[in-house]
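If you want the building blocks of each chain, they are given just below.
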Amino acid sequence: MASRVIPVAPFDLVVFGGTGDLAKRKIIPALFRRFVAGQFEEDARIIGAARAALSGAEYRTLAEEALKEFSAEYVENSKEVAAFLHMLDYVSIDATGDGGWEELKAKTSTDRVQAFYFSVAPSLFGALAERLHSYQIAGPEARVVVEKPFGRDQETAKALNATLAEYFDETQIYRIDHYLGKETVQNLMALRFGNMMFEPLWNNHYIDHIQITVAETVGVGGRGAYYDKSGAMRDMVQNHLMQLLCLIAMEPPAIYDADAVRDEKLKVIRALQPVAPHHIVRGQYEATDTAPSYRDDAENPRSFTESFIAMRCEIANWRWAGVPFYLRTGKKLRARSSEIAVVFKALGHSIFEGDTGPHRNILSIRLQPNEGIDMTVTVKEPGPGGMRLIDVPLDLTFAEAMAGTDSPEAYERLIMDVIRGNQTLFMRGDEVEAAWRWTDPLINGWEARNDVPKQYVPGSSGPEDALMLLHRDGRRWRDIKA
Ligand code: NAP
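Residues numbered from 1 in each chain as written. Predicted model: local features only at pLDDT ≥ 70, side-chain atom pairs only at ≥ 80, totals over all residues. Heavy atoms only, no water.

By the naming in an unreviewed UniProt entry, the protein chain is Glucose-6-phosphate 1-dehydrogenase, taken from Ketogulonicigenium vulgare. Taken from UniProt, the Pathway (unreviewed entry) comment for the protein chain reads in full: "Carbohydrate degradation; pentose phosphate pathway; D-ribulose 5-phosphate from D-glucose 6-phosphate (oxidative stage): step 1/3." Quoted straight from UniProt, the Sequence similarities (unreviewed entry) entry for the protein chain says "Belongs to the glucose-6-phosphate dehydrogenase family." (UniProt positions renumbered as here; feature names shortened; annotations may be inferred.)

Encoded structure:
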């Protein structure tokens, strides 16, 4: 079942930071895959830009090395490699200087779709936007793509928004949260709003609670010093987990378009209640015999930054009042696993004598690995001897159910959406600011209290206190398993 590919218009894509890690690992391979899929023609122009003095040929070599390392398609599609590389060019530019801009101007045209990917540190966004404007490189329809982190609090996010707004309209700004590009995340919306059977139950009458887990097995490694300035709340919760929460909790938009969807997500963020300190558990991984602790990795023996966080959140609106949303994310946990679990209420009465219930239906949406959905249902245990009930998952693993379908990865979809001019899966400025408005007081609170994160054993599910967060409510976390 080959997926349908709708070609995009000819475009010029300038990747500032085109020699960096993100460009090599994600952007270039994503573009190659879409090219192989037939989504764009050889008249597209992809221009890397960074300070390094490289020729176009040297940049194409760099890009080919990146494909060899990071693209599984490289070997199978050797014929397409040459055609793809042919579209690549390079300009040596310092975001804060004046060299290279005229050369860049000559290589792009305002007659085509223009996209400028800011794959550089956020401190350079303003300089890039200003020069794209003052050198009259960006046309009125040009799009800019910006990466996380989008600020480190509400104030810095507001400042970044204001800087971009000086030169670009909100309809031109694409703030990437790659979680929104994941196929399962979009499926979440299809599931909710494309089926009769879920939406009538999607409220506090039928749902007991919701768990969102994003667990990683890696530590902070070589990024320790950088990570120590942010922590799990800023790095994961404020963006990825909150976006997932919004998609689960939002009201049905009247239409699936960018502003309708983002309006509904914004309402969810605004309805999030402050979280009491005893509903937040922060942790840091300990050392093992062979691996350093978080504090060693962060090169900060007195670090209070969390590599794990779990929290109990509430949304104060008609639909969700009384339904806790438990969020958790962390490094060096038992397995690499991201999941949203919607746990339904138990039946009020069982007609089956001796039944050891309660049984709960659980809708589990797996983001990684093995993207898919499963629904735990209660059935009769096979065999004679009366009605014994067991809970079994009805499993829809996408790789099996849709075998042969070419499922684009997050960056592929998102970059093509930029070219198409579809902002639905990108965060709007007011959404990002509202998200920080909710997280800022929580972060300021633990900083003011000098809260020390709890230690946890690498390979575990996080600190004991995180288990207590649910035990206290008579609930338990789902197992973290790959
Ligand atoms: P990186 O590996 O450090 O690359 C930075 C890029 O920016 C290089 O190409 C660098 O090349 C260029 N650059 C630096 N200063 C410049 C200047 N003054 N003018 C023009 N170009 C300049 O960083 P990265 O990991 O690719 O990350 C890029 C952005 O994506 C960051 O905002 C990061 O937070 C975000 N991000 C990265 C990842 C990831 O997986 N890597 C994931 C999510 C978000 P020269 O030094 O030659 O100029």
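Novice: Can you break down the overall build of the protein chain residue by residue, with the values?
Specialist: Within the protein chain one finds 16 helices and 15 strands. Along the three orthogonal principal directions, the C-alpha set of the protein chain runs to about 80 × 55 × 50 Å. Per-residue burial for the protein chain yields a buried fraction of 53% across its 482 residues. Within the protein chain, contacts between residues at least 6 apart in sequence are counted, and of these 77% link residues at least 24 apart. Accessible area for the protein chain stands at about 21,500 Å²; split by element, carbon and sulfur atoms hold 52% of it. In the protein chain, 55 positive and 68 negative side-chain charges are present, and the distance between their average locations comes to 3 Å. (Helix = DSSP H or I, 4+ residues; strand = E, 2+ residues; numbered from the N terminus. Buried < 20%, exposed > 50% of the residue type's maximum accessible area, 1.4 Å probe, protein only. Contact = heavy atoms within 4.5 Å. Areas by Shrake-Rupley, 256 points an atom, 1.4 Å probe, with all protein chains shown as cover. Lys, Arg positive; Asp, Glu negative; His and termini not counted. Charge placed at Lys NZ, Arg CZ, Asp CG, Glu CD.)

Novice: Give me the nonpolar core: which residues, what numbers.
Specialist: By size, the foremost hydrophobic cluster in this structure holds 144 residues, and its most contacted members are Phe16, Phe84, Phe118 and Met311. Among the elements that take part in this core, helix α10 (residues 232–249) stands out by supplying twelve residues, more than any other. (Core = buried A, V, L, I, M, F, W, Y, C linked by side-chain atoms within 4.5 Å.)

Novice: Explain the UniProt feature "domain: Glucose-6-phosphate dehydrogenase NAD-binding" (unreviewed entry) in the protein chain to me, and be specific about the residues and the numbers.
Specialist: Cross-referencing UniProt, the feature "domain: Glucose-6-phosphate dehydrogenase NAD-binding" (unreviewed entry) maps to residues 14–187 in the present numbering. This span, residues 14–187, is 46% helix and 16% strand, and a straight line between its end C-alpha atoms measures 30 Å.

Novice: Give a detailed account of the sheet that holds strand β3 (residues 88–92), specifying residues and quantitative values.
Specialist: Taken in spatial order, the six strands of this open sheet run β3-β2-β1-β4-β5-β6, and their pairing is parallel. Single-partner strands in this sheet number two, and they are β3 and β6 (173–175). Neighbour to neighbour, the strand axes of the sheet diverge by 20 degrees on average, direction disregarded. Pairing of strand β1 (residues 11–16) with strand β2 (residues 45–50), which is carried by five bridges, proceeds in the parallel orientation. Looking at the pairing, valine 15 lines up with glycine 48 of β2. Seen against the sheet, helix α6 (residues 125–134) touches β1, β4 (113–118) and β5 (143–146) and runs at an angle of roughly 155 degrees to β4. (Pairing = 2+ DSSP bridges. Axes fitted to C-alpha atoms, helices over the stretch in contact; angles between N-to-C directions.)

Novice: How would you explain empty space enclosed by the protein if you had to name every residue and give the values?
Specialist: For the structure shown, the criterion picks out two cavities of 30 Å³ or more. Approximately 60 Å³ is the volume attributed to the largest cavity. Considering the residues around the largest cavity, the lining is formed by Lys148, Pro149, Phe150, Gly151, Arg234, Gln238, Asn239, Met427, Val432 and Trp436. Residue assignment for the lining of the largest cavity shows that the elements contributing at least two residues are α10 and α15 (429–449). Ranked by the residues each element gives to the lining of the largest cavity, the list is headed by α10, at three residues. Looking at the lining of the largest cavity, its residues break down into five nonpolar, three polar and two charged. Looking at the second largest cavity, the residues that line it are Gln238, Met242, Gln243, Ile269, Met427, Glu431, Val432 and Ala435. Of all the elements in the fold, those that place two or more residues in the lining of the second largest cavity are α10 and α15. Classifying every residue of the lining of the second largest cavity by side-chain character gives five nonpolar, two polar and one charged. (1 Å grid on protein atoms, 1.4 Å probe; cavity = no way out; pocket = protein on both sides within 12 Å on 5 of 7 lines; lining within 4 Å. Points joined across faces, edges and corners; volume = space filled by probe spheres on them. Nonpolar A, V, L, I, M, F, W, Y, C, P; charged D, E, K, R; others polar.)

Novice: Run through the site of the ligand, naming residues and quoting values.
Specialist: Around the ligand lies a shell of 21 residues, among which Thr19, Asp21, Arg25, Arg51 and Val120 are the nearest. Between the ligand and glycine 17 there is a distance of 3.4 Å, counted from an oxygen atom to a backbone nitrogen or oxygen. A distance of 2.8 Å separates a nitrogen atom of the ligand from a polar atom in the side chain of aspartate 21. Calculation on the ligand without its partners gives an accessible area of 890 Å², and the protein chains cover 73% of this total. Partitioned by chemical class, the residues of the shell around the ligand number ten nonpolar, five polar and six charged. (Near = heavy atom within 4 Å. Polar contact = N/O pair within 3.5 Å; in protein donor to acceptor, adjacent residues only side chain to side chain.)

Novice: Account for the pairing of β2, naming residues and giving values.
Specialist: Among the six residues that make up β2, five are buried, leaving the element largely enclosed by the rest of the structure. Between the parallel pair β1 and β2, the chain is carried across by helix α1 (residues 21–36), and the sense of this crossover is right-handed. (Right-handed = clockwise from strand over helix to strand, strands pointing away.)

Novice: Describe in detail the sheet that holds strand β13 (residues 372–380), supporting the description with residues and values.
Specialist: Taken in spatial order, the nine strands line up as β14-β13-β12-β11-β7-β10-β9-β8-β15 in an open sheet, and their pairing is mixed. Here the strands that pair on one side only, and so sit at the sheet edges, are β14 (389–397) and β15 (454–456). Across the sheet, the axes of successive neighbouring strands diverge by a mean angle of 20 degrees, strand direction being ignored. Here strand β7 (residues 207–215) runs beside strand β11 (residues 337–344); their pairing, made up of eight bridges, is antiparallel. In the sheet register, alanine 215 faces β11, and the bridge partner there is serine 337. Packed onto the sheet, helix α16 (residues 464–471) meets β7, β8 (280–285), β9 (308–313), β10 (325–330) and β15 and runs at close to 15 degrees relative to β9.

Novice: Go over the packing of aromatic side chains, please, and point to the residues and values.
Specialist: In this structure the tally under the stated criterion is 17 aromatic pairs. Ring geometry for tyrosine 174 and phenylalanine 426: centres 5.0 Å apart, planes at 80 degrees, overall edge-to-face. Pair noted here: tyrosine 174 is in strand β6 and phenylalanine 426 is in the loop between α14 (410–420) and α15, with a separation of 252 residues, a long-range link. One aromatic cluster is present, built from ring pairs that chain together Phe16, Trp101, Phe116, Phe118, Phe125 and Tyr135. One residue, arginine 175, lies across the ring of phenylalanine 150, its end atom 5.0 Å from the ring centre. Sitting over the face of the ring of tyrosine 179, lysine 182 holds its NZ or CZ atom 5.2 Å from the ring centroid. (Phe/Tyr/Trp six-rings, centres within 6.5 Å; stacked < 30°, edge-to-face > 60°. Lys NZ or Arg CZ within 6 Å of the ring centre and 35° of its normal.)

Novice: Mind laying out the environment of aspartate 208, listing which residues take part and the relevant values?
Specialist: By the secondary structure assignment, aspartate 208 is in strand β7. Note: C-alpha distance between aspartate 208 and alanine 162 (46 residues apart in sequence) is 41 Å. Excluding residues within four positions of it along the chain, aspartate 208 makes contact with Val323, Pro324, Val343, Phe344, Lys345, Arg360 and Arg475. At 2.7 Å, the side chain of aspartate 208 and the side chain of histidine 209 are in polar contact.

Novice: So what's going on with the UniProt feature "binding site: substrate" (unreviewed entry) in the protein chain? Residues and values would help.
Specialist: Here the UniProt feature "binding site: substrate" (unreviewed entry) sits at His178, Lys182, Glu216, Asp235 and Lys331. Along the chain, the position of histidine 178 falls in the loop between β6 and α8 (183–194). Setting aside its immediate chain neighbours within four residues, histidine 178 contacts His240, Ala410, Tyr411 and Leu414. Leave out the neighbours within four places in its chain, and lysine 331 touches Glu216, Val218, Gly219, Val220, Tyr227, Tyr285, Ser307 and Tyr456. In terms of polar contacts, lysine 331 uses its side chain to reach the side chain of glutamate 216, at 2.9 Å.

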